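Here are the chains, one letter per residue:
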Amino acid sequence: MTTPKISVRDVTKVFPVGKEDFVALGGVSLDIADNEFVTVVGPSGCGKSTLLNILAGLEEPTGGTALVDGKPVSGPGPERGVIFQQYALFPWLTVRENVEFGMRTAKVPKQERRRRAEHFIRLVGLEQFADALPKTLSGGMKQRCAIARAYAVNPSILLMDEPFGALDALTRVKLQEQLLSTWSQDRRTVMFITHDVDEAVFLANRVVVMAARPGRIADVIDVDLPYPRDEELRLSPEFGDLRNRVWHSVYHQQVKEPAQ
Amino acid sequence: MAVISAEATRPAKAPARPRKSRTLLVLNIVSIVAGLAIWWGLSLAGFQFPTPAEVLASAWTMIGNGTLVADTGASLGRVLAGFALGSVAAILVGFLMGWYTIARGLFEPWIQFFRTIPPLAMLPLVLVLMGIGESPKIFVIFLAAFLACVISTYQGVVNVDRTLLNAARVLGARDGTIFARVVVPASTPFILVGMRVGLGSAWGTLVAAELLAAQAGLGHRMQSAQLYYDLPTIFVGIITIGVLGLIMDRLLMLAGNKLTAWQESR
Ligand SMILES: Nc1ncnc2c1ncn2[C@@H]1O[C@H](COP(=O)(O)OP(=O)(O)OP(=O)(O)O)[C@@H](O)[C@H]1O
Ligand SMILES: [Mg+2]
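All values derive from a computational prediction rather than experimental measurement.

### Looking at the site of ligand 1
All names here are of chain A. Residues in contact with ligand 1 amount to 13 residues; listed here are only the nearest, Ser-44, Gly-45, Lys-48, Ser-49 and Thr-50. At a separation of 2.5 Å, an oxygen atom of ligand 1 approaches a polar side-chain atom of Thr-50. Where the shell around ligand 1 is concerned, the elements lending two or more residues are β1 (6-17), β2 (20-32) and α1 (48-56). Ranked by residue count, the leading element in the shell around ligand 1 is α1, at 3 residues.

Listed below in C-alpha cells is the structure:
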C-alpha cells in the first residue's frame, strides 16, 4: 500500500454538553486505501456519523488529524461525495435539478450537465421520474436520487451515512446490489456506515467495528470474499462465519465505563 | 433495528375528501343564505338596519356616480403601496437577521419593541411629523405589514434544515449560492405566511387610518356617512372592505400554493 486515500490519525471529538464535555470520539485511527470499500458498524451513538462528518469537512476534529490524499481536511471538497442518513434532497427541486445541483455550483456547461445528469439518473433507474419532485418519491427512490446526486460530481471518495437505514429489507438488498455493481464498474473509495451487520459484510473489503463511550474502533475484520457478490453468497458458510464474527464484535462489546 | 418505511405509516387521505368538501360547500351556502335572511328579517322587524335591497341600491348609486370606484382605488392604492414596501423591507431585514448575527443583534430590540405597539398608535405622531398627505397613511400601513412579516421571515431563515445546508456545502456551494439556492427557497413558506398576516394587518390599519384622517377612501366615506346617519353607505363600505380583503388574501394564498407546491404536506 502506498499513501492511503483516507488517513485518520488519533482523531478525537469532544462536544460540550452543558457544563460537561461529551467525548464522541476518543482517539480513532484508520487508514482506507484507494478504491477500498470500508463499512463501519457500531451501536447507535458510537460516533459513526461524527467520524464521517469530520472526513466530509462538515465538522472539525478536537484533536488529531484527518487526511485525504495526504492533505489535512479543511472544509468540504468536490473529491468527497456525501450521502446523508436523512436523504437531504432539496424538496423544491426536481430529481434532475437535484442531480444537477453540484454540477451547477461547479459551473459545468448546461449541455454537459444535462447529459451527465441523464446518465446518472438512468444508472439509479429513475429516468421516469426525472421531472418529479422529491415529495412524490418513495424512500428508496429518494435515496437513489441522493446517490445519483453525489455521483454526478464525480467524487473519488464516497462517504455514505446509513444510506439504506430507513428502507424495507427488499429495497435495501436491491440497492446494495446496485451499489456494488456501480462500484465494481467504476471504482471509488467508499466509507459506508450502517448498523446492519449483514449489509456491512456483504458490501465491504473491510468491516470496521466501533464501540461507544468513548467512540473508538473496537475491531477491524477483513472480508476476503470475491466480487461480484450476489444473493448466493449470503447463504454461503464463509459469509455466515464473517457475519458471526462481526455480530459478536458489535453486540458483545464489553462496556468500559457505565454511563453516568 | 428495522425501521418501517415512511410510506407505510402515512395515512391515506385521498378517498374520503370529495364528499366532505361537498358537504362543507353546501353548509357554507346554507349559512350565507340564512345570514342574509336573518339580516332582512331584522330590518323588516323595525331594527335600525337597512334591508339588503336598500344596500344594493345604495351601492348601485355609488357605482354610478363614481364614488365607490374612486374610494376603492384610493384605499387599494394605499394598502398596496404600504404592503409592498413593508413586505420587501421585511424580507430584506428578516434575511439579514437570520444570516448575520450582527444584524440580528442590532435590529431585534427595535422590532420587538415596535411589535408591541399597534401601528395605529403611531398615527398621531406620524401625522405631526409627515403632515396630512398620503405619506403618513402609507407609512403606518408599511409599518403594519413590515412588523407582521419580518419575524416570520427571520424564523424561516433560522429554521432552514441544517442537513440541507450541509448537502449544499458538500456539493461545493459557497455562502452566496447556499443563500440563493437553499435559504431563499426553504424560507419561502414562512415568508408567505408572514405576508398573509401582513396583508391582513395592513388592510385593518388602512381602514382605521382613513377613519381618522383622510379625504378619500372607503374608511373616509363611512366616516362621513356616519355624520348623515347614512346606514346603507356604511354597509356598502363594510361589505366592500370585507370582499376586497378576502380577494387579496385568496390571491396571495393561490400564489403561495404555487410557490410552495413542493412541500411534503400542508
Ligand atoms: N452537535 C452535537 N452536540 C452534542 N453532542 C453531539 C453532537 N453531535 C453528536 N453528538 C453526540 O455524539 C455521539 C455520537 O453521535 P453520532 O451522531 O456520531 O452517532 P452515530 O454513531 O452516528 O449514531 P447513530 O447510529 O444513531 O446514527 C452521540 O452520543 C451524540 O449524542
Ligand atoms: Mg449516525
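### Details of the domain arrangement of chain A
Residue and element names in this part refer to chain A. Here the domain parsing of chain A yields domain 1 (6-79 + 158-256) and domain 2 (89-154). For domain 1 and domain 2, the distance between their C-alpha centroids amounts to 25 Å. Contacts between the two partners involve 13 residues from domain 1 and, on the opposite side, 11 residues from domain 2. Carbon and sulfur atoms make up 66% of the surface buried where domain 1 meets domain 2, a total of about 990 Å² over both sides. The largest contributions to the domain 1 side of the interface with domain 2 come from Leu-158, Thr-182 and Arg-188, which together make up 38% of the buried area. The interface formed by domain 1 and domain 2 includes 0 salt bridges. Summed over the shared surface of domain 1 and domain 2, the number is 2 residue pairs in polar contact (both at pLDDT 80 or more). Where the side of domain 1 that touches domain 2 is concerned, the elements lending two or more residues are β7 (157-161) and α5 (169-185). With 6 residues, the single largest contributor to the side of domain 1 that touches domain 2 is α5.

### Notes on the packing of aromatic side chains
Applying the stated rule across the entire model yields 18 aromatic pairs over all chains. Ring geometry for B:Phe95 against B:Phe179: centres 5.1 Å apart, planes inclined by 70°, an arrangement best described as edge-to-face. One end of the pair, B:Phe95, is in helix α4 (residues 67-99); the other, B:Phe179, is in helix α9 (residues 175-212), with 84 residues separating them in the sequence. Overall, B:Phe95 belongs to the buried group, its relative accessible area being 11%. Taken together, the aromatic side chains of A:Phe37, A:Phe164, A:Trp183, A:Phe192 and A:Tyr227 make up a single cluster linked through ring pairs. A cation sits over an aromatic face here: A:Arg187 above A:Trp183, 4.1 Å from the ring centre. One Lys or Arg, A:Arg234, reaches over the ring of A:Phe202 and ends 3.8 Å from the middle of that ring.

About the criteria used
- Residues numbered from 1 in each chain as written.
- Chains lettered and ligands numbered in written order.
- Predicted model: local features only at pLDDT ≥ 70, side-chain atom pairs only at ≥ 80, totals over all residues.
- Heavy atoms only, no water.
- Near = heavy atom within 4 Å.
- Polar contact = N/O pair within 3.5 Å; in protein donor to acceptor, adjacent residues only side chain to side chain.
- Helix = DSSP H or I, 4+ residues; strand = E, 2+ residues; numbered from the N terminus.
- Domains from an automatic or database assignment.
- Contact = heavy atoms within 4.5 Å.
- Buried area = accessible area lost by both parts, 1.4 Å probe.
- Salt bridge = Lys/Arg side-chain N within 4 Å of Asp/Glu carboxyl O.
- Phe/Tyr/Trp six-rings, centres within 6.5 Å; stacked < 30°, edge-to-face > 60°.
- Buried < 20%, exposed > 50% of the residue type's maximum accessible area, 1.4 Å probe, protein only.
- Lys NZ or Arg CZ within 6 Å of the ring centre and 35° of its normal.

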